[in-house]
Amino acid sequence: MSKRFIGYLLFLFIYFYLAMIFCNYGCYLILYLLFALPFFALAYILLLRRKLLFSWGRMESAVARGENATISVALRNDSFLPTGEVLLNITVTDELMGTVIEEKKSFALAGHQLRTVSFQLCLSHAGIVKVSVDSVRVYEPLGLFRYTIQSEIEPATYTVMPEIVELPSSLWRHNPYAYIGEEEYSKERPGDDPSEMFGTREYRPGDKQNRIHWNLTAKQDELIVKELGLPVDYSTLVLLDMHKTKDETVLNGLFDTAFSVSKALAAEDHPHTLAWLDAENNCALSERIMKPDQVRPLASVVFKAGLSEKDQSVVSAFLTEHDRDRYKNIYYISTDVGENVESVLQISRVDAYVTCVCVSTEGEDADNGEWRIYYVRPDHVAEDLAGKRGNQ
């Protein structure tokens, strides 16, 4: 029973008492009308029943962290009768942090009206946010009766993008062992591998004589030289550990760091494999990154893997399933220094460099030649990463 109906009964009781005292025709007439009101209200709400439809309005699927997302719900009243109060119950769930926020919006609809109800939601950290309409409560104008529409529409999903900063240089380190054993050659960049020809071009002063293509030179009456192939380097590996934390700032810094490093590597023509852990199935997932524009769309895929426990790590999950000797430049990005960092440092060897990037407010950088540990403050990612240098 609603508060309004209880208020109506209380008012009816008081008025009935007063009508018995004054005993005039006008009081009795009003009393009869008050008795009849619930029946009119009930008939009204029955005519409105199943006449209200709703769906999601136009919304973006991705939004930058810190920006406001516009939540829009389109409602249509197919009845000729106007509604009383319409109460929209919405739940906002952060899939990574597990937090739930409930929102309520109140409005009214005229007869045969189509209306879009919108409100702003500030999304403060990267991840996946699901917005669902739990129910819609419709009251008749007096507010004595209502009916509830249970939602059948699928939740709307937002990907809150990390802040991918432009770095002056990546953390990449030149490794002479990187191309050994690679059998795929670049279609965009020439190199020095005599076993594979990238293409041909006109002779330029300074070109070596042994690169002249004599058959084409004889046919075209001008010097033509060979451009040799460059093996594609797939030996760079980026390992991302996403451990559970209650600190949103640290989690933001982790994602900003990981995707900024990945984009910087791709921008400098360093193809690499980005690997992360599927927390539920405790298995490693990975994606090969060739170009910078592949990084941003990958964020939603990474977020769906969820946050893992402290005793879970992408290091053991990935390297037990893949040939660790293939990777010559390994980057491990995490939020803490512990056993996982120690295990990944054990991979460092004469022909492999390991760089650990820890997103933390405490710690000092360390460099032992074959391995390095860099610390990045979660709220100063752009500044701290810009200060780190690789060995080009």
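Just above sits the structure.
Remember, it's a predicted structure, so these values are computed and weren't measured experimentally.

*Asks:* Residue-level account of the overall build of the protein chain, with values.
*Replies:* Helix and strand counts for the protein chain come out as eight helices and 19 strands. Across the 392 residues of the protein chain, 47% fall into the buried class. For the protein chain, long-range pairs separated by at least 24 residues make up 69% of all intrachain contacts whose partners lie at least 6 apart in sequence. Carbon together with sulfur atoms contributes 52% to the accessible area of the protein chain, which is approximately 21000 Å² in total.

*Asks:* Go over the packing of aromatic side chains with me, naming the residues and quoting the values.
*Replies:* Any pair of aromatic rings gets described here by the distance separating the centres and the angle formed by the planes. This structure, assessed with the given rule, holds three aromatic pairs. Relative to Phe303, the ring of Phe255 has its centre 4.7 Å away and its plane inclined at 70°; by these criteria the two rings are edge-to-face. Of the two residues, Phe255 sits in helix H4 (residues 248-267) while Phe303 sits in helix H5 (residues 295-304), which places them 48 residues apart along the sequence. You'll find Phe255 and Phe303 in the same group, each marked buried. Taking the centre distance of 5.9 Å and the plane angle of 55° together, the rings of Phe318 and Tyr327 count as tilted.

*Asks:* Break down the side chain of Thr335 for me, with residues and values.
*Replies:* Turning to its location among the elements, Thr335 is positioned in the loop between strand E16 (329-334) and helix H7 (339-345). If near-sequence neighbours (up to four positions away) are discounted, Thr335 is found in contact with His243, Val250, Leu254, Val359 and Ser360.

*Asks:* So, unusual backbone geometry: which residues are in play, and what are the values?
*Replies:* The phi angle at His112 is positive, at roughly 55°, despite the residue not being glycine. With respect to the helices and strands, the residue His112 is situated in the loop between strand E5 (100-107) and strand E6 (114-122).

*Asks:* Talk me through a nonpolar patch on the surface; I want residue IDs and the actual numbers.
*Replies:* A cluster of nonpolar side chains, namely Leu10, Phe13, Ile14, Tyr17, Leu18, Ile21 and Phe22, defines an oily patch on the protein surface of about 780 Å² accessible area. Along the chain, the position of Ile21 falls in helix H1 (residues 3-22).

*Asks:* Provide a residue-level description of the packing of H1 against helix H2 (residues 25-48), including the pertinent values.
*Replies:* Relative to each other, H1 and H2 sit at 160°, their axes nearing to 9 Å. On the basis of their axis angle, the class for H1 and H2 is roughly antiparallel. Judged by the twist between their axes, the crossing of H1 over H2 is left-handed. Across the interface between the two elements, Tyr8, Phe11, Leu12, Tyr15, Phe16, Ala19, Met20 and Phe22 from H1 touch Gly26, Cys27, Tyr28, Ile30, Leu31, Leu34, Phe35, Leu37 and Pro38 from H2. The residue inventory of the contact of H1 with H2, partitioned by class, reads 16 nonpolar, one polar and no charged.

*Asks:* Now, about H1: what can you tell me, with residues and values included?
*Replies:* In a regular helix each residue adds 1.5 Å, so 20 residues correspond to 28 Å; H1 covers 29 Å between its end C-alpha atoms and thus fits that length. All of the buried residues in H1 are Phe5, Tyr8, Leu12, Tyr15 and Ala19. For H1, the buried positions fall inside an angular range of 85° around the axis, keeping them on one side. In H1, those exposed residues whose orientation departs by more than 90 degrees from the buried face are Lys3, Leu10, Phe13 and Tyr17. Against H2 lie the buried residues of H1. With its phi angle positive at about 50°, Cys23 sits one or two positions after the end of H1.

*Asks:* Any chance you could break down the sheet that holds strand E13 (residues 236-240) for me, citing the residues and the numbers?
*Replies:* Pairing is mixed in the open sheet, where seven strands are placed in the order E15-E14-E13-E16-E17-E19-E18. Of all strands in the sheet, those bounded by a partner on one side alone are strand E15 (283-289) and strand E18 (366-367). Bridge count for E13 against strand E14 (residues 272-278) is five bridges, and the pairing is parallel. Paired with Val238 across the bridge in E14 is Leu274.

*Asks:* Pulling in residues and values, what's your account of the sheet that holds strand E3 (residues 68-77)?
*Replies:* Pairing is antiparallel in the open sheet, where three strands are placed in the order E1-E3-E6. Of all the strands in the sheet, just strand E1 (52-56) and E6 have a single pairing partner and so form its edges. Ignoring strand direction, the axes of neighbouring strands in this sheet form an average angle of 20°. Judged from the five bridges that link them, E1 and E3 form a sheet pairing that is antiparallel. Bridge pairing links Phe54 to Leu75 in E3.

*Asks:* With reference to specific residues and values, describe the pattern of salt bridges.
*Replies:* This model, assessed by the stated rule, comprises seven salt bridges. Residue Arg377 is joined to Asp384 by a salt bridge in which the shortest nitrogen-to-oxygen separation is 2.8 Å. Under the relative-accessibility criterion, Arg377 is labelled partly exposed at 32%. When its relative accessible area of 13% is taken as the criterion, Asp384 is described as buried. Overlapping salt bridges, with partners in common, bring together Arg65, Glu163 and Asp256 in one network.

*Asks:* Could you give an account of the nonpolar core, naming the residues involved and the relevant values?
*Replies:* Leu240, Met242, Phe255, Phe259, Trp276, Phe303 and Ile333 are the most contacted members of the largest nonpolar core, which has 38 residues in total. Among the elements of the structure, E13, H4, E14, H5, E16, strand E17 (353-359), strand E19 (371-376) and helix H8 (381-386) are those that each provide at least two residues to this core. With residues up to four places along the chain from it excluded, the contact list for Trp276 reads Leu240, Met242, Cys283, Ala284, Leu285, Ser286, Glu287, Leu298, Val301, Val302, Ala305 and Val314. Grouped together as the second largest cluster of nonpolar side chains are 31 residues, Ile45, Val73, Leu88 and Val138 included.

Conventions and cut-offs
- Residues numbered from 1 in each chain as written.
- Predicted model: local features only at pLDDT ≥ 70, side-chain atom pairs only at ≥ 80, totals over all residues.
- Heavy atoms only, no water.
- Helix = DSSP H or I, 4+ residues; strand = E, 2+ residues; numbered from the N terminus.
- Buried < 20%, exposed > 50% of the residue type's maximum accessible area, 1.4 Å probe, protein only.
- Contact = heavy atoms within 4.5 Å.
- Areas by Shrake-Rupley, 256 points an atom, 1.4 Å probe, with all protein chains shown as cover.
- Phe/Tyr/Trp six-rings, centres within 6.5 Å; stacked < 30°, edge-to-face > 60°.
- Patch = residues over 30% accessible without salt bridge, like charges linked within 9 Å, V, L, I, M, F, W, Y side chains within 5 Å.
- Salt bridge = Lys/Arg side-chain N within 4 Å of Asp/Glu carboxyl O.
- Axes fitted to C-alpha atoms, helices over the stretch in contact; angles between N-to-C directions.
- Parallel < 35°, antiparallel > 145°, perpendicular 65-115°, else oblique.
- Left-handed = near helix turned anticlockwise from the far one by under 90°.
- Nonpolar A, V, L, I, M, F, W, Y, C, P; charged D, E, K, R; others polar.
- Expected span 1.5 Å × (residues − 1).
- Arc of directions from axis to C-beta.
- Pairing = 2+ DSSP bridges.
- Core = buried A, V, L, I, M, F, W, Y, C linked by side-chain atoms within 4.5 Å.

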